[in-house]
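These are the residues of each chain, in order.
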Amino acid sequence: MKRTKLICVAGARPNFMKVAPLWRLLSCDRHFACVLVHTGQHYDEQLSGQFFRDLALPGHYLGVGSGSHAQQTAEVMRRFEPVLETECADGVIVVGDVNSTMAATVVAAKMHVPVCHVEAGLRSFDRSMPEEINRLITDAISDVLLVSEASGRRNLLSEGIPEYRIHLVGNLMIDSLRQCLGRAQRSGILSRLRINGRPFGLVTLHRPANVDRAESLDEIAAALIEISQTVPLYFPVHPRTRTHLERTTIGRSANITLLEPPGYLTFLGLMSHSSVVLTDSGGIQEETTVLGIPCLTLRKNTERPVTIEQGTNTLAGTRRASILAAWKAMREHPKTGCIPPLWDGAAAERCLDALHSYFRISRKPIRGRARAAEIVAF
Ligand code: UD1
């Protein structure tokens, strides 16, 4: 029997935990042959290598690296095209909203190879964010749109995407979280940082709008320094943020500990024990909702509204005053929240069903699925 050949594309840190659970199921399914392509948009050991090891992923590496948006996008396209030609794939799977996602989608669509977009339909309605442009383009030309929350389905329908292309499958990143949480909590990070048993907050910042401009970063830094008087803060610093942070006084603040960006398991271990998370990341809004940890999102909008409507997330804005007001409100009335529908650790199964149905393969349970379940139970 000829297998349907799929290429799974990942490029940057938040892609790897979305690809891992799906890749594992696909590679155990006798109907599919799956090839993983890492574009190399992220290439540092801490943003890429460690993640591949934590998530046990193999991969072809394109070595694209950094550059302006145009350079990076063009380089992914230039290097992905020959891979797609050589592999003669029947479909391409892209995840998330990074430049690699959009670039691989454009290449595949122009070569008439069907594209499946995982995490389709999320919208911040803020076109100053590079990710929003990537989302709009990717969704407009993808063939199968796998959606993580109900707002995604609504957004796609309102943009004229036909309903038969849209499948609400839940959240693949939460599959990874559920599979890895036990190992993450045994990572020993609390003892290494000597914070066993003490409350602490976790900070991440990397959005260009927050970190590239001195005025924005100064506002956020002032709020963090004030919050750290109440609870010590641990801050793994993304490479984009590192140089900009040197301009602020955060590094000299006694109650804020700057860290190198940890791998997936270490970060998850740290986050799962934190009392509050302050972040501008997309995925962390979702992970804190599932972990039941209050999250202050240092942005004016979110493309993940379910984390606010049902989860533990609050939009805190980016000004010192708005962040401190949200912090005060959160301490007075902590948000409890619940876990959104289908964020249950079985999203990869539903993605697989959607792929089976798109490629018109029998959906009957097959032996390969049982094997996959064993493999993912670490
Ligand atoms: C990218 C994604 C963003 C995602 C984030 C997660 C886009 C448009 N942005 O942003 O959606 O949330 O990844 O981290 O795709 N750098 C290193 N080592 C690396 C990678 C980058 O030092 O391994 C530095 C370089 O100076 C680079 C800068 O970080 O210029 C930014 O990297 P880039 O991939 O352009 O975007 P991110 O800010 O990481």
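Refer to the structure presented above.
Each residue is numbered by its place in its chain's sequence as written, counting from 1. Predicted model: local features are reported for residues with pLDDT of at least 70 only, side-chain atom pairs are reported and counted for 80 or more only, and whole-chain, interface and lining totals are derived from all residues. Side-chain descriptors were evaluated using all non-hydrogen atoms of the structure, hydrogens and water having been removed beforehand.

S.K.: I tried to follow the sheet that holds strand β1 (residues 4-10) on my own but got confused; where do I start?
M.R.: Strands pair in a sheet through their backbones, by hydrogen bonds, and they do so in one of two ways: parallel or antiparallel. Pairing in this open sheet of seven strands is parallel, and the strands run β3-β2-β1-β4-β5-β6-β7 from one edge to the other. Two strands bound the open sheet, and with one partner strand each, they are β3 (60-61) and β7 (166-168). At least two bridges found by DSSP between two strands are what make those strands a pair. Working definition: helices are DSSP H or I runs of at least four residues, strands are E runs of at least two. Numbering for both runs from the N terminus. Where strand β4 (residues 91-95) lies against strand β5 (residues 115-120), four bridges are found, and the strand directions are parallel. Following the sheet pairing, I93 is matched in β5 by C116. Between two residues, a contact is recorded if the distance between any of their heavy atoms is within 4.5 Å. For every element, the axis is a line fit to its C-alpha atoms; helices are fit only across the contacting stretch, and the angle between N-to-C directions ranges from 0 to 180 degrees. Here helix α1 (residues 13-27) sits on the sheet in contact with β1, β2 (32-38), β4 and β5, set at roughly 160° to β1. Where helix α4 (residues 99-110) meets the sheet, it contacts β1, β4 and β5, and its direction lies at approximately 160° from that of β4.

S.K.: Any chance you could explain the packing of aromatic side chains here in plain terms?
M.R.: Aromatic ring pairs are defined here through the distance separating the ring centres and the angle between the ring planes. In this scheme Phe, Tyr and Trp rings, the latter by its six-membered ring, pair at centre separations within 6.5 Å, and the angle between planes marks the pair as stacked below 30 degrees, edge-to-face above 60, and tilted otherwise. Counting across every chain of the model gives six aromatic pairs. Where F16 meets F51, the ring centres are 6.3 Å apart and the plane angle is 55°; that geometry is what we call tilted. Highlighted residues: F16 in helix α1 and F51 in helix α2 (residues 45-54), separated in sequence by 35 residues. When the ring of F51 is compared with that of Y264, the centres are 6.1 Å apart and the planes differ by 45°; the resulting orientation is tilted. Taken together, the residues span a long stretch of sequence, with F51 in helix α2 and Y264 in helix α12 (residues 264-272) at a distance of 213 residues. When sorted by exposure, F51 lands in the same class as Y264, which is buried. Taken together through their ring pairs, the aromatic side chains of F16, F51, F52 and Y264 make up a single cluster. Accessibility here uses a 1.4 Å probe with only protein chains present; expressed as a share of the type maximum, an area under 20% marks a residue as buried, one over 50% as exposed, and anything in between as partly exposed.

S.K.: I keep staring at the nonpolar core and nothing clicks. Help me out?
M.R.: In a soluble, globular protein the nonpolar side chains are often hidden away together inside. Nonpolar cores were defined as sets of buried Ala, Val, Leu, Ile, Met, Phe, Trp, Tyr and Cys residues, with membership established by side-chain atoms within 4.5 Å. In terms of nonpolar packing, the biggest core is built from 57 residues, with L26, L57, I93 and Y264 touching the most fellow members. Sort the elements by how many residues they give to this core and α1 lands first, with eight residues. Discounting residues that sit within four places of it in the chain, I93 has contacts with L6, I7, C8, V9, L22, L26, C116, V118 and L355. Counting residues in hydrophobic clusters, the runner-up holds 26 residues, among them L217, L245, I250 and A316.

S.K.: What is the right way to read α4 from this model?
M.R.: Helical periodicity: at 3.6 residues per turn, an α-helix aligns residues three or four positions apart in one direction. Expected helix span is given by 1.5 Å per residue-to-residue step, counting one fewer step than there are residues. In this model α4 runs 17 Å from its N-terminal to its C-terminal C-alpha over twelve residues, within 8% of the 16 Å that 1.5 Å per residue would give. Within α4 the residues assigned to the buried category are N99, S100, T101, M102, A103, A104, T105, V106, V107 and A108. Residues of α4 that are buried make contact with β1, α1, α3 (69-87), β4, β5 and α5 (130-141). Where α4 terminates, the next one or two residues include H112, which has phi positive at roughly 60°.

S.K.: So what exactly am I meant to see when it comes to the site of the ligand here?
M.R.: For this description, a residue counts as near a given molecule or strand if any of its non-hydrogen atoms is within 4 Å of it. H42, Y43, D44, E131 and R240 are the nearest of the 20 residues found near the ligand. Here an oxygen atom of the ligand and a side-chain polar atom of E131 are 2.6 Å apart. Within the side chain of H238, a nitrogen or oxygen atom sits 3.0 Å from an oxygen atom of the ligand. The Shrake-Rupley method, run with a 1.4 Å probe sphere, supplies the accessible areas, and residue values consider only the shown protein chains as cover. Its free accessible area being 740 Å², the ligand has 85% of it covered by the protein chains. Only α1, α3, α5 and α11 (239-245) provide two or more residues apiece to the shell around the ligand. Within the shell around the ligand, the residues separate by chemical class into seven nonpolar, eight polar and five charged. Polar contact criterion, stated in full: a pair of N or O atoms within 3.5 Å, where within protein one must be able to donate a hydrogen and the other to accept it, and residues adjacent in sequence count only if both atoms are side-chain atoms. Under the scheme applied here, ten amino acids are nonpolar (Ala, Val, Leu, Ile, Met, Phe, Trp, Tyr, Cys and Pro), four are charged (Asp, Glu, Lys and Arg), and all others, including Gly, are polar.

S.K.: Looking at this model, I keep getting lost on the pairing of strand β9 (residues 233-236). Mind explaining?
M.R.: Judged by which residues are buried, β9 turns out to be covered on both faces: L233 and F235 on one side and Y234 and P236 on the other are all buried. Summarising the sheet, strand β8 (residues 201-204) and β9 pair through two bridges and their orientation is parallel. Counterpart to L202 in the pairing with β9 is Y234. Here four bridges tie β9 to strand β10 (residues 256-259), and the two strands are oriented parallel to one another. Note on β10: the bridge partner recorded for L233 is I256.

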